[in-house]
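Close look at the chain arrangement
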Amino acid sequence: MSEGRSSHFILGRLPLSLMLAGVLALVLAVALGTVEIKRFLVAWQGGWTFAVSLSIGALFVLLFASLTGSTWIVAVRRVGESLSMLFPLWAVLAIPILLSAPALYPWADTERAAHDPVLVQRLAFMNLPFFSLRGLAYLGVFFGLALLLRRSSLAGRPTIDRMRFLAGPGMVAFALCATFAAFDWVMSLAGTWYSTIFGIYFFVGAATGALGLWLFLTALLERRGLWGVPVGVEHRHDLAKYLYTLTLFWAHVAFLQFLLIWYAKLPEETFYYAVRSRYGWEWVTGALMVGHLLLPIFLFMGRRAKRSLALGGFFGLWMLLMHALDVWWMTAPSNFPMRRLGAVEILCFLGFGLLAVGGVLRLLGRSPLVPDQDPRLEASLKLRSEP
Amino acid sequence: MSQAAAEAYVDPSLTPGELTRSIAEPVEARPPRWWMVGAAGAASLALLFVGSVGWLFWKGVGVWGLGSPTFWGFDIINMVFWVGIAHTGTAVTSFMTLSRQPWKNGINRIAEAMTIFAVLCAALFPLIHVGRPWLAYYFFPLPNSMGIWPNFKGPIFADFFALNTYLYVSALFWYLGMLPDLAALRDRATNKIAFWAYGLLALGWRGGARQWSQYQKAYLLMAAIGTPLVLSVCAIVSMTFAPSILPGWHATIFPLYFLTGALAAGFSMLGMLAVFTRSFFGFKRLITEKHLETINKWTLACILGVAYVYLVEFFIAWYSGNLYERFTIIHNRLGGPYAAIYWTMLACNVLIPQLFWLKRFRTRQNLMVFVCLAITVGMWCERFVILVLSVHRDFLPGSWGMYAPSLVEVATFLGTIGIFLTMFLAFLKFLPVISMAEVKHSLPSSHAGSAP
Amino acid sequence: MSAPILKRLRQFAPRSPRTLLLAEFPDAKALVAAAGALRGAGVRRFDAHSPWPIEGLGRAMGLGESILPWIVLGVGLSTFLGFLAFMAWASLDYPTVHSGKPVLSIWPLIPAAIEVTWMAAGTAALVGFMALAGLPLYYHLAFRSPRFKRASDDGFFITVEGDDPRFDAEATRALLERHGGRVERLDETSAKGAPRHG
């Protein structure tokens, strides 16, 4: 039976084609990028951040589920697991960013940093060797945690109990790495700007993107009848509720970050928002407010929308797209105060997105679609929502 | 799903009838001796509040230790302290209801009571802080002959609404949850006063299926309101400080700093109150060691959140490259004149709670009370650090100064502890301390016979 | 003017029935079965009482979805928009400039508007629940039976109201007894019943 499933188009031939399409998109972006190298680098860095944030978000959700001992998520956990296993791929694709850091990061441009009164003070921390080392360490910790979770899910009971015990320290390590990764990879793009909540903003947003993809793929597999076990409306409903909550939480964090900076009106902080409210970026900011907050809040508030296969799947896909928009909004304006949107940007985000989706589907096809060694699986499949 | 997990938290041999008796009897019986002594002590302590506030009104705010540059002292420190403790009750009930966590059944009523009494204590402080409390109605956007409105853009205005809303909605939620239990007390009443009092509050509840279906919907809706309410109230309380430009106050993480700090303070206080209630009332079969362990796990999780914020604050202060940020957050805290309080805070909030990684500390009552007490002290120190250490040495060394509370301020604070304990003891005596309907609902025997 | 409106409103107020069949059942399962059978027999005005909510009982009785969420949403949303509009108007009515902020800006108004929204939505949830659940109703005929006190403790009851024009006491009693119910009949003796006190 598992033979039949993995030979199905979605888990068999599609993943590889998606990944190939992704590679093709990236190659095309490189080709177009030769015309204007910095523009390409900014787009590549955005796409890469988007992709790696999906894996970070999935890892966050998995760790949290282990920590609280959630049963409902067991049946659908393979989707998130596969997403969190993609860190090695992202590590390889980070090389162009590392090589061209001086063009992207103000502090990496040593000439410029030496004359900046703020940046010069940070050079002990923000320098290329240490930055690369830290990046490697973050990715190593992330991948190590993902691997532990994956192993325990493949092996069954003894490791699951151990995993529950490890989830606490794992979460601590994760939170620290994710926060400093956000500071390093994204926040430091904005030069002297700083915001203490930025780490949380980053990984909550990442979790909305990851859960969006998770929900979309769960719905897709159900639609094609590939689960083979009763995974269905109840699991999607819980995923959608989770995603909805995270969307609200993201909005809470995003709004307060803005409001506190708006109130204090310190020039060393406000420029981050000033850049994002003119020269074309105001449309992206507005689109985020409407698309990442207002629309999902009202469209998916009700129980019926969350439980519908089509609407629920659409909710997932929509939040994935909104997260891509959010990443673009976080990264690109720091280097391009004038908004630029063209083939290069779209190709980079599309390419990384396709790689992520293809990678997840490919890994899904390689192991049983549900963790059949997990003793909680039966309870998870019997899930019934209360009235 | 929640069924299987719920069973582990309740003694499965209990019958619904036994449950009603064991929860209702302490309410109906004559109060025990320890209660009389405790209530007398707590009420005397509460009188301290009346006395010190009376003195304050008679003499004026000069009796407090406030003065340039520290104009916010004990009044606001203690307001934030009590508000922090208050946040857990509504969070436990709403968030745990929405995420179907079965352990909340035994202790949510206690948590909600704690919330309401703590908000009441907190609300007393801004009232006396404004100096002329008889003019406090100016906060309300009331049309008046001078044609002026409050400053709606100011965060203090939102703060006023946040505190009131939190008190009001928490009380509604508490009452809604208690409704079926009040009916049970009404039905068991043996004297006229109890019958009328509980009967009036129970609204004539009959437990009909039509009523239950609306009730469950209303309860879920309240939970759906309560969860974002807790988030927003924490954020707005933090906006008493964060919108300013003072280093140590102006940090975008403040809304979540206050949230995680509030939950840590609240969970540790809840742990102590749960231990107190179960030991004195003999509720050991209803508030089990598993409940205590779960509370302590949440305390640990929130404490780790607090430690995360300390770390990020430190790092960003350095990273900002801003002289004043670095001075206030790093130098003045670690080595300034109030360093003792700061290090106490670190020890109590970061170091000692790590003991909760050990199962022994999570399940043994006396060990756990020690850790919870330490966190409560640590949280108070944290409020002190946030308040005083940011203002007593500002941008200009010429205007630096020190702050020490006067006796009147200390007495006012001790008085609110008395008020809190008095109200909590009254709650233990007069209201059902554990939600009977919810615990019965979670008993395995209550479903064995029911249709699928 | 106001009197007819009050009179008309009063017909919506919850009321105690004049005649009641009260049946006690041994457990939740019997309660659900009996409630389903009553519904099958076409009886409308009845209710099933239990100390805690019973899963499946609402379905057996054919109760629909509650409209309470829509009430709360409506009240909440209109409060949010209304209060926001009020604050915006008041900011212009008495314009002030604080620390260089514009006279009217939407952002700082949002927190207060959200708090007022929770206040209104919470009120709507409680008041709406009371209205939909027929509360408060301090006097109900069922309270006259001492047995009914166990409805809040560990007893399971069905009450069938005699106000239904097609009420057939004998047939209903037989049906309830067939499902294991111990039936008693309650009738209003005085014009104005006083709440019992036990």
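Criteria and cut-off values
- Residues numbered from 1 in each chain as written.
- Chains lettered and ligands numbered in written order.
- Predicted model: local features only at pLDDT ≥ 70, side-chain atom pairs only at ≥ 80, totals over all residues.
- Heavy atoms only, no water.
- Helix = DSSP H or I, 4+ residues; strand = E, 2+ residues; numbered from the N terminus.
- Buried < 20%, exposed > 50% of the residue type's maximum accessible area, 1.4 Å probe, protein only.
- Contact = heavy atoms within 4.5 Å.
- Areas by Shrake-Rupley, 256 points an atom, 1.4 Å probe, with all protein chains shown as cover.
- Lys, Arg positive; Asp, Glu negative; His and termini not counted.
- Charge placed at Lys NZ, Arg CZ, Asp CG, Glu CD.
- Rg over C-alpha atoms; globule rule 2.2 N^0.38 Å.
- Buried area = accessible area lost by both parts, 1.4 Å probe.
- Salt bridge = Lys/Arg side-chain N within 4 Å of Asp/Glu carboxyl O.
- Polar contact = N/O pair within 3.5 Å; in protein donor to acceptor, adjacent residues only side chain to side chain.
- Core = buried A, V, L, I, M, F, W, Y, C linked by side-chain atoms within 4.5 Å.
- Patch = residues over 30% accessible without salt bridge, like charges linked within 9 Å, V, L, I, M, F, W, Y side chains within 5 Å.
- Nonpolar A, V, L, I, M, F, W, Y, C, P; charged D, E, K, R; others polar.
- Expected span 1.5 Å × (residues − 1).
- Disulfide = S-S within 2.5 Å.
- Phe/Tyr/Trp six-rings, centres within 6.5 Å; stacked < 30°, edge-to-face > 60°.
- Pairing = 2+ DSSP bridges.
- Axes fitted to C-alpha atoms, helices over the stretch in contact; angles between N-to-C directions.
- Domains from an automatic or database assignment.
- pLDDT = per-residue confidence, 0-100.

1. As for the overall build of chain B
- In terms of helices and strands, chain B carries 17 helices and zero strands.
- Considering only C-alpha atoms, chain B reaches an extent of 75 × 55 × 40 Å along its principal axes.
- The buried share of chain B, taken over its 452 residues, is 63%.
- For chain B, the share of sequence-separated contacts (at least 6 apart) that also reach a separation of at least 24 residues comes to 80%.
- For chain B, the exposed area adds up to about 15900 Å²; of that, 72% sits on carbon and sulfur atoms.
- Positive and negative side-chain charges of chain B, numbering 30 and 18 respectively, have mean locations separated by a distance of 4 Å.

2. A look at the overall build of chain C
- Summing up its helical and strand segments, chain C has six helices and four strands in all.
- For chain C, the sequential pattern of α-helices and β-strands runs α-β-α-β-α-α-α-β-α-β.
- For 198 residues, the compact-globule estimate of 2.2 N^0.38 gives 16 Å, and the C-alpha radius of gyration of chain C, at 24 Å, exceeds that figure by more than 25%.
- Overall, the C-alpha framework of chain C stretches about 80 × 40 × 35 Å when taken along its three principal axes.
- When each of the 198 residues of chain C is scored for burial, the buried share is 47%.
- By sequence separation, contacts in chain C at least 24 residues apart represent 80% of the contacts at least 6 residues apart.
- Roughly 9900 Å² of accessible area belongs to chain C as shown, and the carbon and sulfur atoms make up 61% of that amount.
- Looking at charge distribution, chain C has the averaged site of its 22 positive side-chain charges lying 5 Å from that of its 18 negative ones.

3. Description of the interface of chain A and chain C
- Listed per partner, the contact involves 10 residues of chain A and 12 residues of chain C.
- Of the roughly 980 Å² buried where chain A meets chain C, counting both sides, 76% is carbon and sulfur surface.
- Applying the counting criterion to the chain A and chain C interface returns zero salt bridges.
- Counting across the interface, chain A meets chain C through two residue pairs in polar contact (both at pLDDT 80 or more).

4. A look at the nonpolar core
- Counting residues in hydrophobic clusters, the biggest one holds 325 residues, and the most contacted among them are A:Trp90, A:Phe174, A:Trp185 and C:Phe129.
- The leading source of residues in this core is helix α6 (residues 155-188) of chain B, at 19 residues.
- Counting residues in hydrophobic clusters, the runner-up holds 25 residues, among them C:Leu21, C:Ala34, C:Val43 and C:Phe46.

5. Description of unusual backbone geometry
- A cis geometry characterises the amide bond from B:Ser68 onward to B:Pro69, with omega recorded as 5 degrees.
- Take B:Pro69: it is sitting in the loop between α3 (33-59) and α4 (74-98).
- Here C:Leu135 and C:Pro136 are connected by a cis peptide whose omega angle stands at -5 degrees.
- Residue placement: C:Pro136 occurs in the loop between α5 (109-132) and β3 (156-161).
- For B:Leu203, which is not glycine, the phi dihedral falls at a positive 60 degrees.
- Along the chain, B:Leu203 turns up in the loop between α7 (192-202) and α8 (209-238).
- Its identity as a non-glycine residue notwithstanding, C:Ser99 has a phi of 40 degrees, on the positive side.
- By relative accessible area, C:Ser99 is classed as exposed at 60%.

6. Overview of a nonpolar patch on the surface
- Together, A:Met289, A:Val290, A:Leu294, A:Leu295, A:Phe298, A:Leu299, A:Met301, C:Leu77 and C:Leu81 line one region of the surface with nonpolar side chains, adding up to about 770 Å² of accessible area.
- Every element with two or more residues in the nonpolar patch is listed here: α15 (281-299) of chain A together with α4 (68-93) of chain C.
- The leading source of residues in the nonpolar patch is α15(A), at six residues.
- Tracing the chain through its elements places A:Leu295 in helix α15.

7. Remarks on the interface of chain B and chain C
- The interface is formed by 67 residues belonging to chain B together with 68 residues belonging to chain C.
- Summing the contributions of chain B and of chain C, the shared interface buries around 5900 Å²; its carbon and sulfur component is 66%.
- Summed over the three residues of chain B that lose the most area to chain C, namely B:Lys153, B:Arg206 and B:Arg210, the buried surface amounts to 14% of that side.
- One can count one salt bridge joining chain B with chain C.
- Two residues, C:Glu65 and B:Lys217, come together in a salt bridge whose shortest N-O distance is 3.9 Å.
- The tally of links between chain B and chain C comes to 26 residue pairs in polar contact (both at pLDDT 80 or more).
- At the level of secondary structure, the elements contributing two or more residues to the side of chain B that touches chain C comprise α2 (16-28), α6, α7, α8, α16 (436-442) and α17 (445-448) of chain B.
- Classifying every residue of the side of chain B that touches chain C by side-chain character gives 37 nonpolar, 22 polar and eight charged.

8. Concerning the environment of A:Leu28
- With respect to the helices and strands, the residue A:Leu28 is situated in helix α2 (residues 13-33).
- In sequence terms A:Leu28 and A:Gly351 are 323 residues apart; their C-alpha atoms lie 9.4 Å from each other.

9. Details of the environment of C:His49
- Residue position: C:His49 is located in strand β2 (residues 46-49).
- When the C-alpha positions of C:His49 and C:Thr159 are compared, they lie 7.8 Å apart, and in sequence the two are 110 residues distant.
- Excluding residues within four positions of it along the chain, C:His49 makes contact with B:Arg206, B:Gly207, B:Gly208, C:Leu31, C:Phe148, C:Ala151, C:Gly155, C:Phe156, C:Phe157 and C:Thr159.

10. A short note on helix α5 (residues 104-129) of chain B
Residues and elements named next belong to chain B.
- Compared with the 38 Å implied by 1.5 Å per residue over 26 residues, the 36 Å span of α5 between its first and last C-alpha is a close match.
- Across the 26 residues that make up α5, a large majority, 20, are buried.
- Downstream of α5 by a residue or two, Gly131 has a phi angle that is positive, lying close to 90 degrees.

11. Quick notes on the state of the cysteines
- For the coordinates displayed, the defined rule picks out zero disulfides over all chains.
- With no disulfide of its own, B:Cys348 lies closest to B:Cys381 among cysteine sulfurs, the gap being 6.1 Å.

12. Section: the packing of aromatic side chains
All names here are of chain B.
- If you walk through the whole model with that rule in mind, you get 92 aromatic pairs over all chains.
- When the centroid spacing of 5.1 Å and the interplanar angle of 35 degrees are considered together, the rings of Trp82 and Phe420 count as tilted. Here Trp82 is found in helix α4, whereas its partner Phe420 is found in helix α15 (residues 407-430), with 338 residues between them in sequence.
- You can call Phe420 buried: its relative accessible area is 2%.
- Relative to Phe395, the ring of Tyr324 has its centre 5.0 Å away and its plane inclined at 70 degrees; by these criteria the two rings are edge-to-face. With Tyr324 in helix α11 (residues 323-335) and Phe395 in the loop between α14 (365-391) and α15, this residue pair connects regions lying 71 residues apart in the sequence.

13. So, the side chain of B:Arg206
- One can find B:Arg206 in the loop between α7 and α8.
- Among buried Asp, Glu, Lys and Arg side chains, B:Arg206 stands out as unpaired, with C:Asp47 the closest opposite charge at 4.9 Å.

14. Notes on the sheet that holds β2(C)
All names here are of chain C.
- With antiparallel pairing, the four strands of this open sheet are ordered in space as β2-β3-β1-β4. With one partner strand each, in any of the chains shown, β2 and β4 (182-187) form the two edges of the open sheet. Put simply, the sheet's adjacent strands are angled 20 degrees from each other on average, direction ignored.
- Summarising the sheet, strand β1 (residues 19-25) and β3 pair through six bridges and their orientation is antiparallel.

15. Brief notes about the domain arrangement of chain C
- What the domain assignment lists for chain C is domain 1 (3-62 + 136-190) and domain 2 (68-133).
- For domain 1 of chain C versus domain 2 of chain C, the distance between C-alpha centres works out to 41 Å.

16. What to know about the pattern of salt bridges
- Summed over the entire model, instances satisfying the criterion amount to 26 salt bridges over all chains.
- In this structure, B:Glu28 and B:Arg188 form a salt bridge, with 2.9 Å as the shortest nitrogen-oxygen distance. Pair noted here: B:Glu28 is in helix α2 and B:Arg188 is in helix α6, with a separation of 160 residues, a long-range link.
- Put simply, C:Glu24, C:Arg147, C:Arg150, C:Asp154, C:Arg182 and C:Glu184 are held in one network by salt bridges that share partners.

17. Observations regarding the side chain of B:Glu382
- Position of B:Glu382 among the secondary structure elements: in helix α14.
- Those residues in contact with B:Glu382, other than ones at most four positions away along the chain, are B:Tyr257, B:Val306, B:Tyr310, B:Met345 and B:Asn349.

18. Regarding the confidence of the model for chain B
Residue and element names in this part refer to chain B.
- Averaged over all residues, the pLDDT of chain B is 89; the fraction at 70 or higher stands at 96%.
- In the model of chain B, helix α1 (residues 2-7) stands out as the element of lowest mean pLDDT, 45, in contrast to helix α12 (residues 339-351), which has the highest, 95.
- Here residues 1-7 is modelled with pLDDT under 50, and outside its nearest four sequence neighbours on either side it reaches 15 contacts, counting other chains as well.

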